[in-house]
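If you want the building blocks of each chain, they are given just below.
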Amino acid sequence: MTLTTTKATAVETAPAARPARRPRGRSGWTPWLYLLPALVVLGGLLVYPIYQLGLISFLEYTQAQVSGGEPTSFQGFGNYTALFSDPQFWQVLLATVLFAAACVVATLAVGCALAVLLTRVRAVPRLALMLAALAAWATPAVTGSTVWVFLFDPDFGPVNRLLGLGDFSWTYGRYSAFALVLFEVVWCSFPFVMVTVYAGVKAIPSEVLEAAALDGASQWRIWRSVMAPMLRPILVVVTIQSIIWDFKLFTQIYVMTGGGGIAGQNLVLNVYAYQKAFASSQYSLGSAIGVVMLLILLAVTLVHLRLLRRQGEEL
């Protein structure tokens, strides 16, 4: 009795076990040392150009300053005031947002549908679809845009002949030109979504999908209630990536609409900035448009990630 009580008292009064010490030679700076080369490269390729972009947006920087004919002067927020007071800027911004949203939704819909299709077909059709998608993904934007313009050409293109549209010009009307560019953007963008979502679908346990099918759930219900929630982190990544790609679209619009369409009816922010900076030699206004685009994309990304954290998801 006394021996048991003594042992219990010794256990209660024993000091708490000390936490394991961090091995010598390692510190909190070790991971940063491994990342240092990549951070240096990113600093040179991203930080310095962004700094120059922001600096020029606060200056009076036209062809006269570039050639050295006039000194550069500080304008403060004068370039942004002139930009925000221009009605064309707001029209182009609205067109960019709506067009980018349509491209993102269409790309995600096509990519996710084909990703699910890949899990349903046999090996040979799956391989053929993967190769065709990767070929579209690997095609340069200029080459793909030129091919699509030829396919929909009113005189020589085969699409109008197959559809019986005669000499209908897709690039003449505003909405038809945007639709043509949207088709090309989806064609060259869906492979990224398809491959990424397909990898996520293959990681879902087959027992979960089989149980949902045995309960009588349709394919759409399985996707909406089972697969989509489990793929949410992947869908967030591809959504943000698609928003960034489609919002800063340039090559397809510039090539397929001849620099923004008739009277600028198909302008988006990136092409608008190019015209201001290089066609009009207003480099400061072009830089201001670039800064606005950067802030919009940064805000969209931060809001999306914040909503994701509130839902308890991890990327």
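About the cut-offs
- Residues numbered from 1 in each chain as written.
- Predicted model: local features only at pLDDT ≥ 70, side-chain atom pairs only at ≥ 80, totals over all residues.
- Heavy atoms only, no water.
- Helix = DSSP H or I, 4+ residues; strand = E, 2+ residues; numbered from the N terminus.
- Buried < 20%, exposed > 50% of the residue type's maximum accessible area, 1.4 Å probe, protein only.
- Expected span 1.5 Å × (residues − 1).
- Contact = heavy atoms within 4.5 Å.
- Core = buried A, V, L, I, M, F, W, Y, C linked by side-chain atoms within 4.5 Å.
- Axes fitted to C-alpha atoms, helices over the stretch in contact; angles between N-to-C directions.
- Parallel < 35°, antiparallel > 145°, perpendicular 65-115°, else oblique.
- Nonpolar A, V, L, I, M, F, W, Y, C, P; charged D, E, K, R; others polar.
- Phe/Tyr/Trp six-rings, centres within 6.5 Å; stacked < 30°, edge-to-face > 60°.
- pLDDT = per-residue confidence, 0-100.
- Disulfide = S-S within 2.5 Å.
- Lys, Arg positive; Asp, Glu negative; His and termini not counted.
- Salt bridge = Lys/Arg side-chain N within 4 Å of Asp/Glu carboxyl O.

Quick notes on the overall build of the chain
Broken down by element type, the chain carries 15 helices and two strands. With 315 residues in all, the chain has 34% of them scored as buried.

Section: unusual backbone geometry
When glycine is set aside, most residues are seen to have a negative phi, and most peptide bonds are trans. Positive phi outside glycine occurs at Ala263, with the angle close to 55°. Examined against the element boundaries, Ala263 turns out to sit in the loop between helix 13 (251–256) and helix 14 (269–279). Classification of Ala263 as exposed rests on a relative accessible area of 83%. With phi around 60°, Ser281 is a residue other than glycine that occupies positive phi space.

Remarks on helix 11 (residues 219–230)
A rise of 1.5 Å per residue sets the reference length of helix 11, with its 12 residues, at 16 Å; its end C-alpha atoms lie 15 Å apart and thus fit the reference within 8%. Three or more residues of helix 11 are buried, namely Ile222, Trp223, Val226, Met227 and Ala228. Contacts from the buried residues of helix 11 go to helix 5 (87–118), helix 9 (174–203), helix 10 (206–214) and helix 12 (232–247).

Quick notes on the nonpolar core
Leu83, Phe99, Ile253 and Leu269 are the most contacted members of the largest nonpolar core, which totals 35 residues. Contributing elements (two or more residues each) for this core: helix 4 (78–84), helix 5, helix 9, helix 13, helix 14 and helix 15 (283–310). Ranked by the residues each element gives to this core, the list is headed by helix 15, at seven residues. Here Leu83 is in contact with Phe89, Tyr272, Leu285, Ala288, Ile289 and Val292, once residues within four sequence places are set aside. If you look at the next biggest cluster of nonpolar residues, it comprises 27 residues, including Cys112, Leu114, Ala115 and Leu235.

With respect to the side chain of Thr107
Relative to the helices and strands, Thr107 resides in helix 5. Those residues in contact with Thr107 that lie beyond four places of it in its chain are Val186, Ser189, Phe190, Val193 and Asp246.

Quick look at the environment of Ala106
Here Ala106 is to be found in helix 5. Sequence-wise, Ala106 and Leu182 are 76 residues apart; in three dimensions their C-alpha atoms are separated by 8.5 Å.

Regarding the packing of helix 5 against helix 6 (residues 123–138)
Viewed as axis vectors pointing N to C, helix 5 and helix 6 meet at an angle of 150°, and their least axial separation amounts to 10 Å. By the criterion of interaxial angle, the relationship of helix 5 to helix 6 is roughly antiparallel. Contacts between helix 5 and helix 6 involve Leu114, Leu117 and Leu118 from the former and Arg126, Leu129 and Met130 from the latter. For the contact of helix 5 with helix 6, the per-class residue count stands at five nonpolar, no polar and one charged.

A few points about the packing of aromatic side chains
Each aromatic ring pair is described using two quantities: the centre-to-centre distance and the angle formed by the ring planes. Scanning the entire structure with this criterion turns up 22 aromatic pairs. For the pair Phe58 and Phe77, a centre-to-centre distance of 5.3 Å together with 85° between the ring planes defines the contact as edge-to-face. Remark: Phe77 occurs in the loop between strand 2 (73–74) and helix 4 and Phe58 occurs in the loop between helix 2 (30–57) and strand 1 (59–60); sequence separation between them is 19 residues. For Phe77, a relative accessible area of 58% gives the class exposed.

What to know about the confidence of the model for the chain
Per-chain confidence: the chain averages 85 in pLDDT, with 89% of residues scoring 70 or above. Counted against residues more than four places away or in other chains, residues 1–14, with its pLDDT under 50, gives zero contacts.

Quick notes on the state of the cysteines
One pass over the full model with this rule turns up zero disulfides. The thiol sulfur of Cys103 is not disulfide-bonded, and the nearest other cysteine sulfur, from Cys188, lies at 9.1 Å.

Description of the side chain of Lys276
Looking at the element boundaries, Lys276 is found in helix 14. Buried Lys276, no salt bridge; nearest opposite-charge side chain is Asp86, N-O distance 4.2 Å. In contact with Lys276, not counting residues within four places along its chain, are Asp86, Ser281, Gln282, Tyr283, Gly286 and Ile289.

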